[in-house]
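Here is how the chains run, residue by residue.
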Amino acid sequence: MNEKFGNISLYLSSILLLIVLTIPTKAQEQIYLFPDRSLAVSGDTIWFSISVFNSEQEEMSNVVHVQLDNMENTHISKVSVLCDNGTGTGYIPVPDSLSSGIYALRAFSLIQNSNYESEVNQRFVTVYNRFEEELFTFDFPLPENEIKYQYSTAVHIETEKEDYKKGEEVVVSLDILQDVLANTSQVIVTAGLEEASNVDFATSWYPAAHKSAVKLPVPVVEKNGILVSGKVHSAEDNQPVPNAVVILSIPDSIPYLDYCVSDSFGVFYFYLRNAFGTADIVLQALAKNSMPCTIDLFEDYIDADRLVVSEKMLNHEELVFGESVIKASYFTKLFSGYKIESSRSFAMQRQFRHPFYGEPTKTFYPDLFVDLPDFQDVSREILHGVQYRERKGETTIRLLNLGGDAVFKEEPLKLLDGIPVFDPEVFAPMGTDDIARVDVVYEKKFFGDLSFSGILSIYTKNRSLSWVDVNQSTGHFEYPCLQMQKTWSFKNHDVDNTHIPNFRRVLYRNKFDSLNGKKELRFVTSDLKGDAIIRVILIQKDQKVLYSQKIIKVE
């Protein structure tokens, strides 16, 4: 198989590749997560703010991973958030399938995940499943390791009154002492319904010891991208395959391609920079002697010590509260609809106008010509300088070498929608109705230490990866990259919009990197009665977290 790909040097060290994207670091990072709620209903979206502290600013990660786990440390979901100057915002959906109970939110960087001595600052959230009819008990984490925010009298929160009606506007005046603001890196303000049982979840975090670390050849600081790692196994005996050339492709109008060599344990690493959303990643492993391989991707969750929990019977007040938020969620979906966030969008910033192989020598558009049923006719009638031959059950492709006025003796690099093709018969059934364009490079091309006898790149009209899934030594993965960025601001219902019920539990959220000491905020109460908490959180430059709060009644 290697001969079909080109002249490949199998002695390239994957560690040398990593040096390009790593910064040696001994610094410890601390990451604090501030969700906009301590309770959620299945189907909700939890928004959060992040603060990253590192004594060495140049070595600080700007990518933070946030995962949702249950009390048994089962990983449920994860997002990767891009930060700026030590702060970031993001969101994580709460699956409809989650049972009612307490769940952990854990934020970490790759530096932390590769360091056995790091601690994870956990946050907890109560989840009510909106399809469960009866609630009885929850497993609550014991408060032994709880670290509470420090209450501050330097923050004054004033409202025009203490009691409000449903749908009434609340005007909030904040006044923060200047000497405290001078040591503040971020101010977070939230307002929302107070939960009956777990107010402490909103103003405290629970440090947990790191259970196991990701082993990397060198420390990696993720900057504007994520590390993708996995392992190559033999398809015959499942043993690790060292020194295999692993190719990563992302099909697109401007396709992405990279490669590395697996280490002595069969492990490989890639770094995807400026990739947002969910990528269709295709991985191909080329082992010595064309050994069939399988490829696994690591999920890169962080593992913490299992939580010590205590079962607690819900009292009458907690049961009534749980039923009320479930009903409110039902009516919210009924009147406002159920919006499902698309996880299939993908965007990757490109530095160049052309694919990795550069500007093609010639581009052909077969659908501009007469209808031709298969690729043999297309190559013969349209693709000048492309030899496609089928002889004795074997298919070969050769390209014209403009530098030598002859045909290359070796196969070119063949691409289908940006993915390397090692079996030319994949092209056989493609006619003019299937092909959007064909790029051809009639000269020797080099990519790293790989060399190719020309490039034949075919782009189809209806891009499909079905052919990938049936090829050996190939894996197709839907891989979550950096989260698509959205504004963390919050828009409440208009005061005049009273014909649609408003059952929001989070009434306001916003963050400020700087304040002059005084700030006026406005939000509208919902149709839910009870106590609402206006909470101001100050993240200090010395890593202290201060807070103040005010409770108003909604009747």
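From a predicted model like this one, the values you see are computed outputs, not experimental measurements.

A. The arrangement of the overall build of the protein in detail. Regarding its fold elements, the protein presents eight helices and 38 strands. Counting every position in the protein, which comprises 555 residues, the buried fraction comes to 54%. Partitioning the intrachain contacts of the protein with sequence separation of at least 6 by distance along the chain shows that 76% fall at a separation of at least 24. Surface accessibility of the protein: about 25800 Å² in total, with carbon and sulfur atoms responsible for 48%.

B. Representation of the sheet that holds strand E26 (residues 362-364). In space, the five strands of this open sheet follow the order E26-E32-E33-E30-E31, with mixed pairing throughout. For this open sheet the edge positions go to E26 and strand E31 (419-420), each flanked by a neighbour on one side alone. Pairing geometry for E26 and strand E32 (residues 435-447), over three bridges, is antiparallel. For Lys362, the partnering residue across the bridge sits in E32 and is Val440.

C. Region of interest: the nonpolar core. Phe268, Leu272 and Leu283 are the most contacted members of the largest nonpolar core, which has 29 residues in total. Going through the elements one at a time, strand E17 (225-234), strand E18 (245-250), strand E19 (256-261), strand E20 (267-273), strand E21 (275-286) and strand E22 (293-297) are the ones with two or more residues in this core. By residue number, the principal contributor to this core is E21, which donates six residues. Every residue in contact with Leu272, bar those within four places of it in the chain, is listed here: Asn224, Gly225, Ile226, Val228, Leu248, Ile250, Tyr256, Ile281, Met348 and Cys481. Residues Phe375, Val386, Phe408 and Leu416 belong to the second largest nonpolar core, which totals 27 residues.

D. Geometry of the sheet that holds strand E6 (residues 87-93). Reading across from one edge, E1-E3-E6 is the order of the three strands in this open sheet, with antiparallel pairing throughout. Both edges of this open sheet fall to strand E1 (29-35) and E6, since each of them pairs with a single strand only. Adjacent strand axes in the sheet meet at a mean angle of 30°, parallel and antiparallel pairs treated alike. Of the strand pairs in this sheet, E1 and strand E3 (residues 45-54) are connected by seven bridges, and their pairing is antiparallel. Residue pairing in the sheet places Pro35 in a bridge with Phe48 of E3.

E. Spatial organisation of the pattern of salt bridges. Going through the model one piece at a time under the given rule, you end up with 21 salt bridges. For Glu411, the salt bridge is made with Arg398, and the minimal N-O distance between the two is 2.8 Å. Of this pair, Glu411 sits in the loop between strand E29 (406-407) and strand E30 (413-416) while Arg398 is found in strand E28 (residues 394-401), placing the two residues 13 residues apart along the sequence. Among the residues examined, Glu411 registers a relative accessible area of 14% and is labelled buried. Between Lys414 and Glu411 there is a salt bridge, with the nearest N and O atoms lying 2.9 Å from each other. Of the two residues, Lys414 and Glu411, both sit in the buried class.

F. The arrangement of the pairing of strand E14 (residues 169-176) in detail. By the bridge criterion, five bridges tie strand E12 (residues 155-159) to E14 in an arrangement that is antiparallel. Within the sheet, the bridge partner assigned to Ile157 lies in E14 and is Leu174. Judged from the seven bridges that link them, E14 and strand E36 (residues 518-524) form a sheet pairing that is antiparallel. Each residue of the ladder has a partner; that of Leu174, found in E36, is Lys519.

G. Structural view of a nonpolar patch on the surface. Nonpolar side chains collect at one region of the surface, where Tyr365, Leu368, Phe369 and Val370 lie side by side and expose about 460 Å² of accessible area between them. Classification of Leu368 by relative accessible area gives exposed; the value is 67%.

H. Structural context of the environment of Tyr151. Relative to the elements of secondary structure, Tyr151 occurs in strand E11 (residues 150-151). When the C-alpha positions of Tyr151 and Val545 are compared, they lie 8.7 Å apart, and in sequence the two are 394 residues distant. Not counting the four nearest positions on each side in its chain, Tyr151 is found in contact with Tyr547, Ser548 and Gln549. Within the structure, Tyr151 has its side chain in polar contact with the side chain of Ser548 (distance 3.5 Å).

I. Geometry of the environment of Leu546. By the secondary structure assignment, Leu546 is in strand E38 (residues 545-554). Leu546 sits 362 residues away from Thr184 along the chain, and the two C-alpha atoms are 9.5 Å apart. If we skip the residues at most four places from it in the chain, Leu546 touches Gln150, Ser152, Val180, Val536, Ile537, Leu538 and Gln540.

J. Inspection of the confidence of the model for the protein at higher detail. Overall, the prediction assigns the protein a mean pLDDT of 87, with 90% of residues at 70 or greater. In the predicted structure, residues 6-25 sits below a pLDDT of 50 and forms 44 contacts with residues beyond four places in sequence or in another chain.

K. Quick look at the packing of aromatic side chains. Overall, the coordinates contain 21 aromatic pairs when judged by the stated rule. For the pair Phe34 and Tyr149, a centre-to-centre distance of 6.1 Å together with 55° between the ring planes defines the contact as tilted. With a gap of 115 residues between them, Phe34 in strand E1 and Tyr149 in the loop between strand E10 (147-148) and E11 connect regions that are remote in the sequence. With a relative accessible area of 2%, Phe34 lands in the buried category. Ring centres 5.0 Å apart and planes at 40° place the aromatic pair Trp47 and Tyr91 in the tilted group. A residue pair is termed long-range when its members are at least 10 positions apart, and Trp47 in strand E3 and Tyr91 in strand E6 qualify at 44 residues. Here a set of aromatic residues connected by ring pairs shows up, and it is made of Tyr32, Phe34, Phe53, Tyr149, Tyr151, Trp205 and Tyr547. Taking the ring centre of Tyr301 as reference, the NZ or CZ of Lys78 above it sits at 5.6 Å.

The rules behind these values
Residues numbered from 1 in each chain as written. Predicted model: local features only at pLDDT ≥ 70, side-chain atom pairs only at ≥ 80, totals over all residues. Heavy atoms only, no water. Helix = DSSP H or I, 4+ residues; strand = E, 2+ residues; numbered from the N terminus. Buried < 20%, exposed > 50% of the residue type's maximum accessible area, 1.4 Å probe, protein only. Contact = heavy atoms within 4.5 Å. Areas by Shrake-Rupley, 256 points an atom, 1.4 Å probe, with all protein chains shown as cover. Pairing = 2+ DSSP bridges. Core = buried A, V, L, I, M, F, W, Y, C linked by side-chain atoms within 4.5 Å. Axes fitted to C-alpha atoms, helices over the stretch in contact; angles between N-to-C directions. Salt bridge = Lys/Arg side-chain N within 4 Å of Asp/Glu carboxyl O. Patch = residues over 30% accessible without salt bridge, like charges linked within 9 Å, V, L, I, M, F, W, Y side chains within 5 Å. Polar contact = N/O pair within 3.5 Å; in protein donor to acceptor, adjacent residues only side chain to side chain. pLDDT = per-residue confidence, 0-100. Phe/Tyr/Trp six-rings, centres within 6.5 Å; stacked < 30°, edge-to-face > 60°. Lys NZ or Arg CZ within 6 Å of the ring centre and 35° of its normal.

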